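Residues per chain, in single letters:
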Protein chains: 2
Amino acid sequence: MVPGMGHCDIHATLERAGLSKTSQRVAVLTALVHAETPLSARDILERVSGEGRINRVTVYRILASFKAGGIIRELATDHGENFFEMACRHNPAHPHFYCRSCRSLACLPSAGNQERWIREYREADEAIETVAIHFTGLCRRCRSENAGHPVRRLRGPRGDRRVSP
Amino acid sequence: MVPGMGHCDIHATLERAGLSKTSQRVAVLTALVHAETPLSARDILERVSGEGRINRVTVYRILASFKAGGIIRELATDHGENFFEMACRHNPAHPHFYCRSCRSLACLPSAGNQERWIREYREADEAIETVAIHFTGLCRRCRSENAGHPVRRLRGPRGDRRVSP
DNA sequence: AAACTCTTTGCAAATGAGTTGCATTTATTG
DNA sequence: CAATAAATGCAACTCATTTGCAAAGAGTTT
Ligand SMILES: [Mn+2]
Ligand SMILES: [Mn+2]
Ligand SMILES: [Zn+2]
Ligand SMILES: [Zn+2]
């Protein structure tokens, strides 16, 4: 990932993409530019809810427009929660690691040959638009913590959470 | 992908995994073994609903146990609908192509160096358990069909579908 | 074969990410 | 500053997937 955020200027980016500079768009973009790791829509909503009002739906719509404008990249995960990262930083394209326990997403270093390898596939079928390389497992933190450490629960009925079988 | 289904014997597979041979498990496994492409939980439910009764939830639970037993592999997509494929066929691990329009998933040929490449990453971080390579775009059929061809809609409010803006 | 015990189902209800229509508020322009 | 197209808030909705619990089954033991 690119260390500084040099050419990732908020206002310039919005202008270049032909998007009006609303407070919400600036807030979302700022959160993404300062993020250490890719963020989920929920992450963004949390980080932005502090300053000014913003609706959940608006976040999704803004993310859609950023993606359409090539400003950000969307990263899918199992479990249906997707993440987003600035395209200007996070270059070149690289694999990501998803922790199946805490459901966090981290960037991995780009393999040297990955670019070429991806290009070969692209040539084989012109229809290819995006490529994603996704590793899954347990992150360091989840590995070191107590083995029986409960997995974050996203779906299911309300009611008392099961504590131990 | 392995052409025949040779060693993918239904009963032997269940036995090897220590799973009792219920009619539902046999049905789901049969659907997966005969599938030409990876199947979603919904696909499986449809193909199995004909013979005998089976519940949607049961399909999910069976798929979870098959996955835990290493019998099948789960393939995530954007849009939250996941697919499943037999691990015995579909070897070695290979990339998949997901059509963002009709939301179908297809297997791609395994790149020669992919295996080695994956191994390198695995060595870099022991926590890695699975690797997925995911291409997105428009499949041949969706490309040839009328450009304005409507995208399959999964979420959203009830009511008249928008016909044209 | 009947009784018993451990699994697996079916059903109903829920969850949560992401969508959409529509009324209201803004950003931008003249 | 008024006019207008675009962006946002809100409420309602979809849908893949998950969970608790009670009923049905499978494999085993009398
Ligand atoms: Mn990244
Ligand atoms: Mn495959
Ligand atoms: Zn973790
Ligand atoms: Zn298609």
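So, how was this worked out
Residues numbered from 1 in each chain as written. Chains lettered and ligands numbered in written order. Predicted model: local features only at pLDDT ≥ 70, side-chain atom pairs only at ≥ 80, totals over all residues. Heavy atoms only, no water. Contact = heavy atoms within 4.5 Å. Buried area = accessible area lost by both parts, 1.4 Å probe. Salt bridge = Lys/Arg side-chain N within 4 Å of Asp/Glu carboxyl O. Polar contact = N/O pair within 3.5 Å; in protein donor to acceptor, adjacent residues only side chain to side chain. Helix = DSSP H or I, 4+ residues; strand = E, 2+ residues; numbered from the N terminus. Nonpolar A, V, L, I, M, F, W, Y, C, P; charged D, E, K, R; others polar. Least-squares fit on C-alpha atoms with pLDDT ≥ 70 in both. Expected span 1.5 Å × (residues − 1). Buried < 20%, exposed > 50% of the residue type's maximum accessible area, 1.4 Å probe, protein only. Donors = N, O, S within 2.8 Å, 3.2 Å for Na, K, Ca; no water. Tetrahedral: all angles 85-135°; square planar, octahedral: opposite > 155°, others 65-115°.

Quick look at the interface of chain A and chain B now. If you look at the interface, chain A gives 29 residues, while chain B gives 29 residues. Here chain A packs against chain B, burying approximately 2,500 Å² in sum over the two surfaces, 54% of which is carbon and sulfur. When the area that chain A buries against chain B is broken down by residue, the three leading residues are Trp117, Tyr121 and Phe135 of chain A, summing to 25%. Connecting chain A to chain B are two salt bridges. Linking Glu129 of chain B and Arg100 of chain A is a salt bridge whose minimum nitrogen-to-oxygen distance equals 2.8 Å. Put simply, chain A and chain B have eight residue pairs in polar contact (both at pLDDT 80 or more) between them. Where the side of chain A that touches chain B is concerned, the elements lending two or more residues are helix H5 (114–124) and strand E6 (128–137) of chain A. Here the element with the most residues in the side of chain A that touches chain B is E6 of chain A; it accounts for 10 residues. Residues of the side of chain A that touches chain B, tallied by class, amount to 15 nonpolar, eight polar and six charged.

Attention shifts here to the relation of the copies chain A and chain B. Each copy of the sequence occupies a distinct position, and chain A is placed on chain B by a rotation of 179° and an axial shift of 0.0 Å, giving an RMSD of 0.1 Å. Expressed as a symmetry operation, the mapping of one chain copy onto the other fits a two-fold axis. Both copies present the same face, since 100% of the interface residues in chain A are matched by interface residues at the equivalent positions in chain B.

What follows is about helix H2 (residues 23–34) of chain A. One turn of the α-helix equals 3.6 residues, which is why residues spaced by three or four share an orientation. Residues and elements named next belong to chain A. The end-to-end C-alpha distance of H2, which contains 12 residues, comes to 16 Å, matching closely the 16 Å that a straight helix rising 1.5 Å per residue would cover. Within the sequence span of H2, burial applies to Arg25, Ala27, Val28, Leu29, Ala31, Leu32 and Val33. Packing partners of the buried residues in H2 comprise helix H1 (10–16), strand E1 (39–40), helix H3 (41–49), helix H4 (56–68), strand E2 (72–75) and strand E3 (83–86).

Before going further, it helps to spend a moment on the side chain of Glu81 of chain B. Tracing the backbone through its elements, the reader meets Glu81 of chain B in the loop between strand E2 (72–75) and strand E3 (83–86). Separated by 3.5 Å, the side chains of Glu81 of chain B and Ser40 of chain B make a polar contact.

On to the coordination of the zinc ion (ligand 3), then. All names here are of chain A. Within the first shell, the zinc ion (ligand 3) binds the protein through Cys99 (SG), Cys102 (SG), Cys139 (SG) and Cys142 (SG), at distances of 2.2 to 2.4 Å. In this structure, the zinc ion (ligand 3) is surrounded by four donor atoms whose angles at the metal cover 105 to 117°, and the resulting shape is tetrahedral. Written as a sequence motif, the donor arrangement for the zinc ion (ligand 3) is C-x2-C-x36-C-x2-C. Note that Cys99 is positioned in strand E4 (residues 96–99) and Cys139 in the loop between E6 and helix H6 (140–144), a separation of 40 residues in sequence. Note on accessibility: Cys99 and Cys139 belong to one class, buried.

With that out of the way, let us pick up the coordination of the manganese ion (ligand 1). Residue and element names in this part refer to chain A. Distances from the manganese ion (ligand 1) to its protein donors, Glu85 (OE), His90 (ND1), His94 (NE2), His96 (NE2) and Cys107 (SG), fall at 2.0 to 2.7 Å. Ordering the donors of the manganese ion (ligand 1) by residue number gives the pattern E-x4-H-x3-H-x1-H-x10-C. Of this pair, Glu85 sits in strand E3 while Cys107 sits in strand E5 (residues 105–107), and the two are 22 residues apart along the sequence.

Another aspect to go through is unusual backbone geometry. All names here are of chain A. A cis geometry characterises the amide bond from Asn91 onward to Pro92, with omega recorded as -5°. Along the polypeptide, Pro92 turns up in the loop between E3 and E4. Unusually for a residue other than glycine, His79 sits at a positive phi of about 70°. Here His79 shows up in the loop between E2 and E3. Among the residues examined, His79 registers a relative accessible area of 26% and is labelled partly exposed.

It is worth spelling out the environment of Gly52 of chain A at this point. Mapped onto the elements, Gly52 of chain A comes out in the loop between H3 and H4. Between the alpha carbons of Gly52 of chain A and Gln24 of chain A there is a distance of 8.3 Å; along the sequence they are 28 residues apart.

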